[in-house]
Amino acid sequence: MNDRTRVRLTVNGQPESVEVEPRALLADVLRDNLGLTGTHLACEHGVCGACTVLIDGEAARSCLVFAVQAEGSSVTTVEGLTPPDGLSPVQEAMRDCHGLQCGFCTPGIVVSMTAYLNDHPNPSDDDLREAMSGNLCRCTGYQGILAAARQAADRINAI
Amino acid sequence: MSSPVAARFVGSAVHRKEDRRLLTGHGQYVADASAPRMVHAAFLRSELAKARLNSVNIEAAKSAPGVIAVFLWSDFHEKFGEAWHGMLGEQLVVPPPLAIMDVRYVGDPIALVVAETRALAEDACALIEVDYEPEQATVDYASAAADSNVVHAAWGLPSNVMVEVPFTPMSADLDETFNSVEHVVETTIVQNRYLCVPMETRGVLASWTPGLEELDLIVATQSVHETRNFFARYLGLDEGAVRVTARDVGGGFGQKMFVYREECAVVLATKLLGRPVKWIEDRLENLTSAGHSRNELGKVRMAITADGVIEAITVDHVADVGAYTPCPAVMDPTLLPGPYRIPRLGFSTQMVWTNTMGKAAYRGPWMFETTAREMAIDVAARQIGMDPAELRRKNLLSLAELPFTSPGGKLFQEITPLETLEQALGMLGYDEFRKEQAAAREQGRWLGVGICVYVEPTSMEQATLATEGATIRIESSGKVVAFLSTTSHGQSIETTMAQIIADQIGVGYDDVTVVQADTQSTPYGPGTGGSRTAVIAGGAAHDAAVAVRDKVLAIAAHMMEAAPEDLQIAEGVVAVRGTPDRSLTIKEVATQAYTNAHTLPVDVAGGLEATIRFKPKRFPTWSNAAHVCVVEIDPETFIPRILRYIVSEDCGKMINPQVVEGQIFGGVVQGLGGVLYEDFRYDTDGNPQTTTFLDYLLPTTGETPLIEIGHLESVSTTNPGGFKGMGEGGAIGAHAAVANAVGDALAHLGVNVTSTPLGPEQIFELVQASQKERA
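Residues numbered from 1 in each chain as written. Chains lettered and ligands numbered in written order. Predicted model: local features only at pLDDT ≥ 70, side-chain atom pairs only at ≥ 80, totals over all residues. Heavy atoms only, no water.

**Some points on the overall build of chain A**
Here's step 1: What chain A contains, in helices and strands, is 5 helices and 5 strands.
Here's step 2: Over its C-alpha atoms chain A spans a radius of gyration of 16 Å, differing by no more than 12% from the 15 Å that the globule rule assigns to 159 residues.
Here's step 3: By its C-alpha atoms, chain A is 50 × 30 × 25 Å across when sized along the principal axes.
Here's step 4: With 159 residues in all, chain A has 58% of them scored as buried. (Helix = DSSP H or I, 4+ residues; strand = E, 2+ residues; numbered from the N terminus. Rg over C-alpha atoms; globule rule 2.2 N^0.38 Å. Buried < 20%, exposed > 50% of the residue type's maximum accessible area, 1.4 Å probe, protein only.)

**Structural notes on the packing of aromatic side chains**
Here's step 1: According to the stated counting rule, one finds 17 aromatic pairs over all chains in the structure shown.
Here's step 2: Here Phe104 of chain A and Tyr29 of chain B contribute two aromatic rings whose centre-to-centre distance is 4.9 Å and whose plane-to-plane angle is 90°, an arrangement assigned as edge-to-face. Note that Phe104 of chain A is positioned in the loop between helix 2 (89-96) and helix 3 (106-119) and Tyr29 of chain B in the loop between helix 1 (19-23) and strand 1 (39-45), a pairing that runs across two chains.
Here's step 3: For Tyr29 of chain B, a relative accessible area of 2% corresponds to the buried category.
Here's step 4: Centre to centre, the rings of Phe230 of chain B and Tyr234 of chain B are 5.5 Å apart; their planes meet at 20°, and the pair counts as stacked. (Phe/Tyr/Trp six-rings, centres within 6.5 Å; stacked < 30°, edge-to-face > 60°.)

**A few points about the sheet that holds strand 24 (residues 579-585) of chain B**
All names here are of chain B.
Here's step 1: If you walk across this open sheet you meet the 3 strands as 22-23-24, and the pairing is antiparallel. In this open sheet, the two strands that pair with only one neighbour each are strand 22 (567-570) and strand 24. In this sheet, neighbouring strand axes are inclined to one another by 35° on average, regardless of whether the strands run parallel or antiparallel.
Here's step 2: Inspection of the sheet shows strand 22 paired to strand 23 (residues 573-576) by 4 bridges, in the antiparallel sense. Within strand 23, the residue paired with Leu567 across the bridge is Val576.
Here's step 3: Across the sheet, helix 15 (residues 586-595) lies against strand 22, strand 23 and strand 24, angled at about 50° from strand 24, the strand it touches most. (Pairing = 2+ DSSP bridges. Axes fitted to C-alpha atoms, helices over the stretch in contact; angles between N-to-C directions. Contact = heavy atoms within 4.5 Å.)

**A closer look at the domain arrangement of chain B**
Residue and element names in this part refer to chain B.
Here's step 1: Domain annotation for chain B reports domain 1 (19-26 + 468-614), domain 2 (33-135 + 199-251 + 256-289) and domain 3 (413-459 + 621-775).
Here's step 2: A separation of 40 Å is found between the C-alpha centroids of domain 1 and domain 2.
Here's step 3: Across the boundary between the two partners, domain 1 contributes 19 residues, which contact 19 residues of domain 2.
Here's step 4: Across the domain 1 to domain 2 interface the summed buried area is about 1,600 Å²; carbon plus sulfur atoms make up 49%.
Here's step 5: Ranking the residues of domain 1 by area buried against domain 2 places His489, Thr519 and Tyr524 at the top, with a combined share of 36%.
Here's step 6: The interface formed by domain 1 and domain 2 includes 2 salt bridges.
Here's step 7: The salt bridge involving Arg243 is made with Asp518; its shortest N-O contact spans 2.7 Å.
Here's step 8: Of the residues contributing to the side of domain 1 that touches domain 2, the split by class is 5 nonpolar, 12 polar and 2 charged. (Domains from an automatic or database assignment. Buried area = accessible area lost by both parts, 1.4 Å probe. Salt bridge = Lys/Arg side-chain N within 4 Å of Asp/Glu carboxyl O. Nonpolar A, V, L, I, M, F, W, Y, C, P; charged D, E, K, R; others polar.)

**Concerning the interface of chain A and chain B**
Here's step 1: Contacts between the two partners involve 45 residues from chain A and, on the opposite side, 53 residues from chain B.
Here's step 2: Buried surface at the junction of chain A and chain B, both sides included, amounts to about 4,100 Å², of which 57% is carbon and sulfur.
Here's step 3: Among the residues chain A hides against chain B, the three largest losses belong to His98, Arg138 and Gln143 of chain A. Together they make up 21% of the total.
Here's step 4: Taken together, the links from chain A to chain B amount to 4 salt bridges.
Here's step 5: With a shortest N-O distance of 2.7 Å, Asp123 of chain B and Arg23 of chain A are connected by a salt bridge.
Here's step 6: Run the count over chain A and chain B and you get 29 residue pairs in polar contact (both at pLDDT 80 or more).
Here's step 7: In terms of residues, the side of chain A that touches chain B owes the most to one element, helix 2 of chain A, which gives 4 residues. (Polar contact = N/O pair within 3.5 Å; in protein donor to acceptor, adjacent residues only side chain to side chain.)

**Overview of the state of the cysteines**
Residue and element names in this part refer to chain B.
Here's step 1: Taken as a whole and assessed by the stated rule, the structure comprises 0 disulfides over all chains.
Here's step 2: As a non-bridged cysteine, Cys264 has Cys327 as the owner of its nearest cysteine sulfur, 16 Å distant.
Here's step 3: Looking at the unpaired Cys452, the closest cysteine sulfur is the one in Cys629, lying at 11 Å. (Disulfide = S-S within 2.5 Å.)

Encoded structure:
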C-alpha cells in the first residue's frame with residue numbers, strides 16, 4: 001500500500017511531478033502535495049461537488065479520481081481559473097449576485113459553472129438549474145448561484 | 001445638533017469583503033491549515049447503539065505503519081479539568097472525550113489514533129478489535145420516558161427523562177375556556193429529525209508547545225472566545241495561554257456553537273504528544289456524530305369560538321435529546337401562541353434521552369413552537385371549516401395594537417404579523433389561487449397552499465448572550481481596522497459591520513478592514529448565533545465608530561481652531577460646515593494623533609482608538625415574517641413540487657438587503673429540505689440509515705423554487721441602527737409553510753397532515769390510509 005508511484009501532470013499550466021500512494025486521491029494530492037487548498041472536500045463520496053476540478057477541460061470530482069489516473073493530464077483548479085487581475089466572469093457574477101455565504105462549496109460551484117458555460121454558450125434558465133444541480137450549497141438556497149449563472153452566461157455571450 | 005456624518009453604505013448591497021478570497025480558492029478553513037511536525041487523528045467509533053465494552057485491543061494498531069499513538073479513555077483519565085461552557089452553565093458537562101466502559105450511540109468515540117497521515121490513522125483504526133456486549137437500545141423518543149432500557153443506566157440514572165415540566169396553566173381559566181367554546185381542536189404534531197449539515201465538517205488543528213506552554217487552536221467554530229475559555233478551564237491554563245482562531249468557517253447553523261468531545265480528545269492528544277494534531281471530520285462522522293436536531297412532538301389543543309377566535313392554546317411537548325446533548329435547545333413553550341392575540345396558554349415539556357446522536361442547536365432551536373402552532377392552525381381550519389388564511393387574519397396581532405403582552409409573558413412591540421401576512425397573500429394573489437386550485441382539482445391536479453406566520457426572538461439575553469464588543473482604530477494612514485467579537489461562518493459580518501463603521505466615521509467602505517475570530521486581538525464575544533450580529537455586534541460597531549469619530553472631531557477641531565460641533569466628515573475629509581475649503585483629511589488628523597500627540601490639548605490623549613461594549617435596551621429584539629408556499633403533488637408518483645414560495649418579512653432597517661435576502665433564501669431551503677427531502681433515520685436498534693448524501697438528501701438547484709421576498713421595515717428601538725436579527729427566520733417559517741401546503745393539497749382526499757417528513761413515500765401512505773378509512 002505504501003509503494004509510491006510517480007505521477008506527472010500539469011496543474012494550472014505548471015508541470016508537476018509528485019510521488020504518491022496508488023490510493024491517493026487527486027483532491028488530496030492537489031491539497032496536500034501541491035498546497036492548492038482552494039479545492040475543498042465536503043463529502044468524499046462524489047455527491048456534493050465541492051471538490052470539482054477540470055481534467056483536460058472536463059469537470060470532474062477530484063474525490064473520485066485517483067491521482068494516478070490523472071497521469072499526463074492537465075488539471076485546472078479554482079486557483080487556475082482566476083485571472084492575474086480581478087475575477088473571472090463567473091467569479092464576478094457570483095460576487096454580484098451573492099452566490100456565496102460561507103464560501104466552502106464555492107470553488108466547486110465556480111469550476112462547475114465555468115465548465116458548463118464553456119460548453120453551453122446559450123443556456124436556458126432550466127438548463128442552468130439542471131447544470132448546477134450537482135453542487136450542494138447549504139447557505140444560499142441557490143438563488144444567488146442561479147442568478148450568477150444567468151449573469152455569467154449573458155456576459156460571456158455579450159463579449 | 002445634526003449628525004456630522006451621513007449614511008452612505010447602510011442600506012445598500014455593497015460587494016462583500018469576504019468574496020474575493022473565497023471565490024479564488026484562498027479562504028482559510030481549518031482543513032487548509034498546517035503546522036510544523038503536524039500529525040493526523042482519526043476516531044474509532046462505536047458500531048452499536050448500546051453495548052458494554054468487554055475489551056478494546058489496540059496492539060496491532062499501535063504497531064501499524066505511521067502510527068504515533070493510540071489513545072483510549074485510560075490515557076485521558078484525570079488529564080483534564082472542568083468541561084463546561086459559559087452559555088450553558090456548569091451543570092451541562094461535555095461528556096468524556098472517549099467511551100469509558102460502554103457505548104451509548106452509534107458513533108460514540110472509543111479510541112483516537114494519531115498517525116503521520118489521516119489515511120494511516122484510518123488504516124490503524126481498522127486494526128482495533130472491540131469486544132462488545134450488546135444491550136437493548138432505546139430509540140423511539142415518544143416512548144422513551146416509560147422505557148425500562150435506560151440510556152444512562154451506567155450512571156445510575158433511573159429513567160430516560162432528562163427534564164420534565166408538568167402541565168403548567170399560564171392562565172387561571174384554561175379549563176373553563178376549553179369547556180365553554182364551540183370548537184376544541186386536538187392534534188399531535190410531529191417534526192422529524194433533520195440536521196444542520198454545514199458543507200464544512202467539524203475540524204480542529206490543536207498545537208501544544210512544550211516549553212512555551214501555550215495551546216493554539218484553529219477550529220471550525222461559531223465561537224472562538226467560548227472555545228478559548230472552555231479549554232483554559234479544561235487544561236487549567238490562564239486564558240492568555242490559549243489562542244483560538246477561525247478565519248473562515250464553512251457554515252455552522254448551530255452545530256458548531258459549542259465544544260465537542262472529539263475536540264477535547266484532540267486537545268488532550270496534542271498536550272500528551274507535544275506536537276500539533278489535526279482532525280478533520282469526514283461526512284459519515286458529521287452525519288452520525290455531530291449534533292443532531294429537531295425531532296420533537298407536541299399534542300396541541302386549541303379552544304376556538306364559533307366565529308373563529310382562538311381563546312386558548314396548550315401543548316404537551318416531548319423532545320429527543322439523544323444520548324449526550326451538546327446543547328439541549330428545544331421548543332420554547334412560552335412562545336407557542338406566537339404573534340397571535342391568543343389570551344390563554346398552558347404547557348408541559350419532557351426531554352428524553354435515547355441511544356442516538358445528541359441534540360444540538362439548529363437555526364431557530366426553539367422553533368417547534370412555530371411548527372406545532374402553525375400546523376395545528378391548519379388542522380383547526382380544516383376541522384371547523386374555515387379558510388386557514390381567514391383564521392389567521394382573525395387572530396393575528398397588527399402593529400397598531402402593540403405593545404401586547406402574551407400569556408407566555410412576551411412583550412411584543414415593533415412587529416407586523418398581520419401586515420406581513422397580507423403582503424405575502426397579496427404577492428401570491430390568494431383568492432385567485434383558491435379559484436385556480438378548485439379548477440385544478442376538477443382536472444385531477446393536487447395543488448395546495450400553506451401559510452406560516454411567526455415571531456422571532458432575536459438577540460436574546462440568556463447567560464453570555466447579552467453583549468458584544470468592538471475595538472476600532474484609525475491607523476496613522478487614515479485607514480480603519482475594526483476588531484469585532486464575532487465569529488463569522490457565512491454571515492457576511494466583515495461586510496455589514498464595515499458598512500456601519502464606514503458610515504459612522506465618514507470614510508469609504510473600502511477603507512475599513514474587519515478582524516474577527518481571533519482571541520488574541522478581538523474583544524470577548526459569546527459566538528455568532530441566535531440572530532445577534534446585526535443588533536448587538538452592530539450596536540458595538542456603531543458605538544465604537546462614534547467614539548472614534550468623536551476623537552477625530554476633537555483633534556481636528558483643535559487643528560483647525562474650530563468648534564467640534566461645527567465639523568462634518570464625509571469620504572475621509574473633515575470640514576467646517578459651510579466652509580468646505582477649511583478641511584483636513586482623516587490621514588492628517590491621524591498623523592497628528594499618533595506622531596504629534598504632545599501638541600494636543602491636555603484632555604486629548606492622542607491615538608484614534610476606542611473599545612466599546614454594547615447591550616441592547618431591551619431583550620429580545622423581535623422580528624417577524626409570514627411565509628406562503630404553493631405545492632403541487634403528482635397524483636401518480638406522489639412527488640411534491642414547490643411552485644411558488646413567498647416570504648414577507650420585517651427585520652427593521654436592513655444593513656444590506658442582499659445579505660438579508662441571502663439569509664432568508666438559505667433558511668427557507670433548509671426548512672423546506674427538512675419537510676420534503678431530509679430525514680435522518682435510525683432503525684429500531686439504533687443503526688443510522690442515512691449516512692451519505694445519497695441517503696440524506698439535501699435540496700439542490702433541481703428542487704429549489706424561486707423564492708419571492710417582500711420587505712416591511714418597522715424600525716427597532718433596541719439598538720442605534722434600528723436593526724432586528726433575522727438569520728434564523730427562514731428556517732423557522734419554512735417547515736410549517738411547506739407541510740401546510742402539502743396538507744392543503746391533500747385535504748380534499750380527507751388526509752389530515754400532522755407530521756413530517758412529507759416525501760412521496762409518506763404522502764403515498766397518507767393517501768392510502770385515507771382511502772382505506774373511507775372505504
